[in-house]
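Coordinate inspection notes
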Amino acid sequence: MNSAATAVSRPQRTLAVSARIALLLLKARAILVLLLLLILFSALAPAFLTLNNFSILTKHVSISALLAVGMTFSILTGGIDLSVGSLAGLSGMVAGYVLTQGFHLGGSQYFPPAIVAILCAIAACLLVGLLNGWLVAKANVAPFIATLGTLYIARGAALLISNGKTFPDLAGIPARHNTGFPAIGESAFLGLPTPVWIMLAVFAVTWLIAVKTPLGRHIYAIGGNERASVLAGIRVNRVKVFTYVFSAFTAALVGLIIAGQLEAAHPATGESFELTAIAAVVLGGTSLMGGRGTITGSLIGAFVIGVLEDGLIMLGVSQFWQMVITGLVIVMAVAIDQLQSRIQARLLPYMLTSTEGSR
């Protein structure tokens, strides 16, 4: 009887091992694609894998990585935030207005220091994030619709602030004591650009929240089964509001970094950034249905897109083809995510049988 049981269990164990390998490869797809792209572009463009280009690349990636890491929480809850690109534009415009126009107090014009401009920009974006969270959690508006609406609201507000014009010369004037703003986008510390340090800091905080805190577990639980989360006593609405406020915060940082790098703020800044961020999150293995994914995966996904874009530029591929290729990558990422879900569902019984048999 024991030999018969062993004969039956062997093919099951083989199938279970194959299933685990297949799932592992699917889960590690972002790393595999990143390695493949690095090898490919290094072979085709000798200047690609140099220290100087790597510094430029990480500076570019920090923009999309910040947005992707910030948006991961809302996607993990089963939502999405389409407003991040417009919020980046709004953030830069608010900072530009405060730096160049100042405040009118008692009939006189007052120019606050750069830090006040930064705080005003972040506060404006947090208010929009709070509105997103309220619409999704309290008003029960579908996340896609709610954040699509605030996408237009934020973009319109950014255009209204300057009547569609650019705020130039954000370096400030010493006599006004408002210099230093460009440092957020142009300065460096220990050889790394400040935007990269900001990205690493935000990533570390986000990773800690996701992995080490009850809030992180609640975010995953809501995405896995919202009804069960409510019955378990999780404050679902508060958690959802937090995810959208956090996403808005990272978008505000992106807008400030870009305005600092350009020393100017333009209302069109951030157009289509939300699509790049979503692509990075999905490439990193986060399910658009919620409940599954990692912060590290989103960071790797942002690097995949950054390497792809920079590599294509170095190879002289036109911007039109870059858009086509980026779109194909997004579609493939979603298709692979769906494939992973189906394979996982089909192979789960075999994996469970193998686990029980080994006990």
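Residues numbered from 1 in each chain as written. Predicted model: local features only at pLDDT ≥ 70, side-chain atom pairs only at ≥ 80, totals over all residues. Heavy atoms only, no water.

So, about the overall build of the chain. Assigned secondary structure in the chain consists of 14 helices and four strands. Expressed as lengths along the three principal axes of its C-alpha atoms, the size of the chain is roughly 95 × 55 × 35 Å. Taking the intrachain contacts of the chain between residues at least 6 apart in sequence as the baseline, contacts between residues at least 24 apart amount to 76%. A total of about 17600 Å² of accessible surface is found on the chain, and carbon and sulfur atoms cover 70% of it. Of the charged side chains in the chain, 20 are positive and 11 negative; the average position of the first set lies 17 Å away from that of the second. (Helix = DSSP H or I, 4+ residues; strand = E, 2+ residues; numbered from the N terminus. Contact = heavy atoms within 4.5 Å. Areas by Shrake-Rupley, 256 points an atom, 1.4 Å probe, with all protein chains shown as cover. Lys, Arg positive; Asp, Glu negative; His and termini not counted. Charge placed at Lys NZ, Arg CZ, Asp CG, Glu CD.)

Moving on: the UniProt feature "transmembrane region" (unreviewed entry) in the chain. The UniProt feature table records "transmembrane region" (unreviewed entry) at residues 30-51, 63-90, 110-134, 141-161, 188-210, 241-260, 272-290 and 320-339. Taken end to end, residues 30-51 is 73% helix and 0% strand, and its first and last C-alpha atoms sit 23 Å apart. The span residues 272-290 is 58% helical and 0% strand by assignment, and the distance between its end C-alpha atoms comes to 22 Å. (UniProt positions renumbered as here; feature names shortened; annotations may be inferred.)

This part covers the side chain of Asn-132. Locating Asn-132 in the fold gives a position in helix α5 (residues 114-137). You can call Asn-132 buried: its relative accessible area is 0%. The contacts of Asn-132, once residues within four sequence positions are left out, are Asp-81, Ser-83, Ala-146, Thr-147, Thr-150 and Tyr-244. (Buried < 20%, exposed > 50% of the residue type's maximum accessible area, 1.4 Å probe, protein only.)

Where helix α3 (residues 51-76) contacts helix α8 (residues 194-212), the axes come no closer than 9 Å and their chain directions differ by 25 degrees. With respect to their mutual orientation, α3 and α8 come out roughly parallel. Judged by the sense of rotation from one axis to the other, the crossing of α3 with α8 is left-handed. Each of Thr-58, Lys-59, Ser-62, Ala-65, Leu-66, Val-69 and Phe-73 in α3 lies in contact with α8, whose residues at this interface are Pro-195, Val-196, Ile-198, Met-199, Val-202, Phe-203, Thr-206, Ile-209 and Ala-210. A class-by-class count of the residues in the contact of α3 with α8 yields 12 nonpolar, three polar and one charged. (Axes fitted to C-alpha atoms, helices over the stretch in contact; angles between N-to-C directions. Parallel < 35°, antiparallel > 145°, perpendicular 65-115°, else oblique. Left-handed = near helix turned anticlockwise from the far one by under 90°. Nonpolar A, V, L, I, M, F, W, Y, C, P; charged D, E, K, R; others polar.)

Okay, the pattern of salt bridges next. Following the criterion strictly, the structure yields one salt bridge and no others. Between Glu-226 and Lys-240 there is a salt bridge whose closest N-O contact spans 3.1 Å. With Glu-226 in helix α10 (residues 226-231) and Lys-240 in helix α11 (residues 236-262), this pair connects stretches of sequence that are 14 residues apart. Here Glu-226 falls in the partly exposed class, since its relative accessible area comes to 35%. (Salt bridge = Lys/Arg side-chain N within 4 Å of Asp/Glu carboxyl O.)

When the terminal C-alpha atoms of α3 are compared, their 35 Å separation across 26 residues agrees well with the 38 Å that a helix rising 1.5 Å per residue should span. The largest bend in α3 comes to about 30 degrees, at Ser-62. With 19 of its 26 residues buried, α3 lies for the most part within the structure. One or two residues past the end of α3 sits Gly-78, with phi positive at roughly 95 degrees. (Expected span 1.5 Å × (residues − 1). Bend = angle between axes of the 7 residues up to and from the residue.)

Counting 85 residues, the largest nonpolar core has Phe-73, Leu-87, Phe-181 and Leu-256 as its most contacted members. Beyond its immediate chain neighbours, meaning those up to four positions away, Phe-73 contacts Thr-206, Ile-209, Ala-210, Ile-219, Phe-242, Thr-243, Phe-246 and Ile-295. (Core = buried A, V, L, I, M, F, W, Y, C linked by side-chain atoms within 4.5 Å.)

Now for the state of the cysteines. Inspection of every chain in the model, using the stated rule, returns zero disulfides. Between Cys-120, a free cysteine, and Cys-125, which holds the nearest cysteine sulfur, the sulfur-to-sulfur gap is 11 Å. (Disulfide = S-S within 2.5 Å.)

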